[in-house]
Amino acid sequence: MKIKFTWKIWILIIVLLFSLLSIFGFPPTFFQQGVLITSVDQNSTAFEQGLRQGQIITAIDGKEISSLEDFTNILQNKFPSQEKIKTTVFTEDVEYILFSNEAPEIIATNIPKTNIKTGLDLSGGARALVKAEDKQLSSSEVSDLVDITSNRLNEFGLSDINVVSVSDLTGNNYMLIEIAGATPDDLEDLISKQGKFDARIGEDIVFSGGDKDVASVCRNDATCAGIETCKQDETTQEYFCTFRFVIYLTEKAAEQHAEITGKLGINETHPEYLEKKLDLYLDDNLVDSLFISKDLKGRVTTQIQIQGSGSDQTYEEALDNTKNEMKKLQTILITGSLPYKLEIVKLDTISPLLGKDFIRTILLAGLAALIAVAIIIFFRYKKFKSSFALLFTCISEIIIILGIASFIEWNLDLPSIAGILATIGTGIDQQIIILDESKQSRDLSIKQRLKRAFAIILGAYFTALVALIPLMWAGAGLLKGFAITTLIGITTGVLITRPAFTDIVKKIEE
Amino acid sequence: MEQEKSKNNFREWYDKNYKKLLIIPLIIIILSLFYMFNFYSQNNDFIYKDLSLTGGTTVTLQIDLDKQKLEQDLSDKLTDLETSEIYDIITREKKATIIKTTAPAQDTKNILENYLGYKLTEENSSVEFTGSSLSESFYKQLILAIIFAFILMAIVVFIIFRTFTPSLAVIISAFADILMTLVFVNLLGMKISSAGIVAFLMLIGYSVDTDILLTTRILKRKESTLDKRMFEAFKTGITMTLTSLFAIAFALFVVRSFSDVLSQIFTILVIGLCFDIFNTWVTNASILKWHVEKKQGVGNEN
């Protein structure tokens, strides 16, 4: 039997092929060997040599890498080593040679098998919704906030972040922060602390954080920044570390500093210092007080040393803690203070571990649903061809939704998946209408009969469409995924799959 | 033959009694409204809200914990503590323990860390926190979204059919679906999450589908008799609803032990679709038949 496809069926086939291409990529990624780099520490030799996020490592030292396990095993066996050793990293087209005594600071994952991106609730990560504590922010105020916060998170060294402003049905504006993968412990601090840094002498503010007063901050350079000492407190048994780093003031701030110190006398108990100290305040809490050397009195100096401390139960934890404190303070000094006091109204940190089981469960659920549909359809119509056509159309629809979602890089979260399920349900309903209408009123031509079916379907389409619109904004867009996938689904249904199905039914009827 | 006869008997009975049949949905709707009114005056709300709508913290611990013991030990420290577990559908292996409390995230984390004796990291747990101010506005907006959706749906229905009574019948039937499902869910004592509210929104779409089918077949077709058209519409419509119902019930069976969110959506849809069968083929169909016969004068049709 030779089947002649109509143009509507051809459109379905072409769209289907494009969707598969968009899901699996060209060439399909599941044939690719190696691991995908998700981030490279910007201060590492690996970064200096040119290794970047997005590259694929295929081999190390000539040994082929086919999984993340291979990658970690090879590096764990080699590092840490006593002296600097050579590591050759092969990517798809270039090889990089690194010399180091520590493992390259590269985070990698297995190459994803498809281009389908899953949302935070499935792939893990953190999400925060932030608003000003006692003020309604306008949309331009939120966008300022977004700029400062993205800057702050970038300076802190987080990659793969997404900071946007969102608004809801009643006109509230929020800042939404999404971080894929590993989330820092102190995310809460980073985004909600206003980060108002002031250096004061007595009542006078000498300089504040941000580029108006601070020209640059020394980071990652052992000559001007680092951990000073770590000591154990004999009574509490806690470890206590201090850090210091140098900052460079702008001309204007330096002159201000000179003017204020010029008025100060000499300290009576410590004659090598001035009578007042330089007090460092963070969000109006005193962080540290520094003596000012008497030589600095009235002098225009741009170079200031900042100190601080951290503590914890063990040496390692205290050290980590102090490093983090230093990093936070550096970040705040660079990016300046946020214009508002903030409140985190939603904060989710999702472990990536359950996601895989979750996806498996969803696929199983989808399969179960399809089997249920197949049973009823075969039972009702007892015709293999049309039942099969119905199931085929239904599966094409899922593929097209996933294809479009990967094409527009939509992150599929739980609401999106619920949306896909909703679409399949209505899709099958509409195909049943087409099948039944094609068998009714035999005195009309098949064309007329199917046209009538379409009238009903369009009615159903428009009611579903308008019902979804409010959901795009409700709840700060957290349920947008549902609306988006359903919209994609029902629209493809009406434009592509339903017309094709109609033609298939026509062919079968003829 | 036997089947044919009983079919005819049913038709005769239905022709005679369809108006009386309308009393059943009317009574249920009135009772439901009464129940909801009562429910609202007692709870100051339409539903029992879960943490996603009242605010609070949900911690998912990826270990096998004795949830009874945990509840005993921590219920005085964590306010409104509730625990549940999730299982792998095939191996029945316990995958995680879920802890829900109205306490703030940091406090909950500290209390749990003390209790378990290790640090909670993203390697072993997920923490979700929703502030009460957000969840309050969230809830209001979802209700608003449903109301908007319903109104927009009603407008589209009026545009499609351009006649008052049949359009109203569709809208009443959709409203009855939502109302009855709401009452049923409340009677079950189910705590509704934001996803659950979305399920009500999905219900609008599903319930209107069959109503549109029925109304189009009855109003816009002229061939064969009214009863025949109605019966044909019933055959198509019930296939539609049953496929959705079975598909969702099967899916519910799979996700039941794994995802609260999807389970709730599916449960609400299953309940809603059952009421939809009733409301489409009793409520809507009877109003429509009444309308058509009144317009044509009784007896003309048959």
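Every value quoted in this text rests on a predicted model; they were computed, and no experiment measured them.

Another aspect to go through is the overall build of chain B. Of regular secondary structure, chain B possesses 10 helices and six strands. Summarising its shape, the C-alpha atoms of chain B cover approximately 80 × 40 × 30 Å along the three principal directions. Per-residue burial over chain B gives 45% buried out of 302 residues.

Along the backbone of chain A there are 13 helices and 20 strands. A compact globule built from 510 residues would reach a C-alpha radius of gyration of about 24 Å, whereas chain A, at 31 Å, exceeds it by more than 25%. A principal-axis box enclosing the C-alpha atoms of chain A has dimensions of 110 × 60 × 45 Å. Relative to its 510 residues, chain A shows a buried fraction of 40%. In chain A, the share of contacts with a sequence separation of at least 24, taken over all contacts with a separation of at least 6, comes to 71%.

With 64 residues of chain B at the interface, the matching set in chain A holds 60 residues. Among the elements of the structure, strand S4 (94-101), strand S5 (125-130), helix H6 (132-161), helix H8 (194-219), helix H9 (226-255) and helix H10 (260-296) of chain B are those that each provide at least two residues to the side of chain B that touches chain A. With 15 residues, H6 of chain B is the single largest residue contributor to the side of chain B that touches chain A. Tallied by class, the residues present in the side of chain B that touches chain A amount to 39 nonpolar, 17 polar and eight charged. One ladder, built from four bridges, connects strand S19 (residues 342-350) of chain A with S5 of chain B; its direction is antiparallel. Counterpart to Lys346 of chain A in the pairing with S5 of chain B is Thr130 of chain B.

Bringing the sheet that holds strand S11 (residues 197-201) of chain A into the picture now. Residues and elements named next belong to chain A. Taken together, the four strands give an open sheet; going across it, the order is S12-S11-S16-S17, and neighbouring strands pair in antiparallel fashion. Edge positions in the open sheet fall to strand S12 (204-208) and strand S17 (285-290), since each of these has one partner strand only. Sheet twist, expressed as the mean angle between neighbouring strand axes with direction ignored, is 30 degrees. Pairing geometry for strand S16 (residues 278-282) and S17, over five bridges, is antiparallel. Pairing of Tyr281 across the sheet is with Leu286, part of S17. With respect to the sheet, helix H7 (residues 251-262) is in contact with S11 and S12, its orientation differing from that of S12 by roughly 155 degrees.

It is worth spelling out the environment of Gly265 of chain A at this point. Tracing the chain through its elements places Gly265 of chain A in the loop between H7 and S16. Each C-alpha atom of the pair Gly265 of chain A and Leu51 of chain A lies 55 Å from the other, and the pair is 214 residues apart in sequence.

Across five bridges, the pairing between strand S1 (residues 35-40) of chain A and strand S6 (residues 106-110) of chain A is antiparallel. Across the sheet, residue Val35 of chain A finds its bridge partner in S6 of chain A, namely Asn110 of chain A.

Residue and element names in this part refer to chain A. Of all nine residues that make up S19, seven are buried, and the element is covered over most of its length. Sheet topology places strand S8 (residues 125-132) next to S19; eight bridges connect them, and they run antiparallel. Opposite Leu129, over in S19, you have Lys346 as the bridge partner.

Next up on the list: the sheet that holds S5 of chain B. Spatially, eight strands are ordered S9(A)-S10(A)-S8(A)-S19(A)-S5(B)-S2(B)-S4(B)-S3(B) in an open sheet, and the strand pairing comes out antiparallel. The strands lining the two open edges of the sheet, one partner per strand, are strand S9 (161-167) of chain A together with strand S3 (82-87) of chain B. The average undirected angle you get between the axes of adjacent strands in this sheet is 20 degrees. When S8 of chain A meets strand S10 (residues 173-180) of chain A, the two strands line up antiparallel, connected through six bridges. Residue pairing across strands places Ala128 of chain A opposite Ile177 of chain A, the latter belonging to S10 of chain A. Across the face of the sheet, helix H5 (residues 105-116) of chain B comes into contact with S19 of chain A together with strand S2 (56-61), S4 and S5 of chain B while running at roughly 35 degrees to S2 of chain B. The sheet contacts of H6 of chain B involve S8 and S19 of chain A together with S5 of chain B, and relative to S19 of chain A the element is tilted by about 85 degrees.

Attention now moves to the environment of Pro499 of chain A. Mapped onto the elements of the fold, Pro499 of chain A is located in helix H13 (residues 480-509). For the pair formed by Pro499 of chain A and Ala368 of chain A, sequence separation is 131 residues and the distance between their alpha carbons is 27 Å.

Moving on to the domain arrangement of chain B. Residues and elements named next belong to chain B. Domain boundaries assigned for chain B yield domain 1 (2-50 + 133-296) and domain 2 (56-130). The gap between the C-alpha centroids of domain 1 and domain 2 is 38 Å. Each partner contributes to the interface: domain 1 provides five residues, whereas domain 2 provides four residues. Tallied by class, the residues present in the side of domain 1 that touches domain 2 amount to three nonpolar, two polar and no charged.

Positive phi outside glycine occurs at Lys382 of chain A, with the angle close to 50 degrees. Looking at where Lys382 of chain A falls in the secondary structure, it is placed in the loop between helix H9 (353-381) and helix H10 (384-407). A positive phi is found at Asp80 of chain B, a non-glycine position, where the angle reads about 50 degrees. Relative to the elements of secondary structure, Asp80 of chain B occurs in the loop between helix H4 (67-74) and S3.

Attention now goes to the packing of helix H1 (residues 7-24) of chain A against H10 of chain A. Residue and element names in this part refer to chain A. At a minimum axis distance of 8 Å, the contact between H1 and H10 shows a crossing angle of 50 degrees. Put simply, H1 runs oblique to H10. Both H1 and H10 take part in a crossing whose hand is left-handed. Where H1 approaches H10, its residues Leu12, Val15, Leu16, Phe18, Ser19, Leu20, Ser22 and Ile23 are matched on the opposing element by Ser396, Ile399, Ile400, Leu402, Gly403, Ile404, Ser406 and Phe407. In the contact of H1 with H10, the residues fall into 11 nonpolar, five polar and no charged.

So, how was this worked out
- Residues numbered from 1 in each chain as written.
- Chains lettered and ligands numbered in written order.
- Predicted model: local features only at pLDDT ≥ 70, side-chain atom pairs only at ≥ 80, totals over all residues.
- Helix = DSSP H or I, 4+ residues; strand = E, 2+ residues; numbered from the N terminus.
- Buried ≥ 20, exposed ≤ 12 C-beta atoms within 10 Å, placed from the backbone.
- Rg over C-alpha atoms; globule rule 2.2 N^0.38 Å.
- Contact = placed C-beta atoms within 7 Å.
- Nonpolar A, V, L, I, M, F, W, Y, C, P; charged D, E, K, R; others polar.
- Pairing = 2+ DSSP bridges.
- Axes fitted to C-alpha atoms, helices over the stretch in contact; angles between N-to-C directions.
- Domains from an automatic or database assignment.
- Parallel < 35°, antiparallel > 145°, perpendicular 65-115°, else oblique.
- Left-handed = near helix turned anticlockwise from the far one by under 90°.

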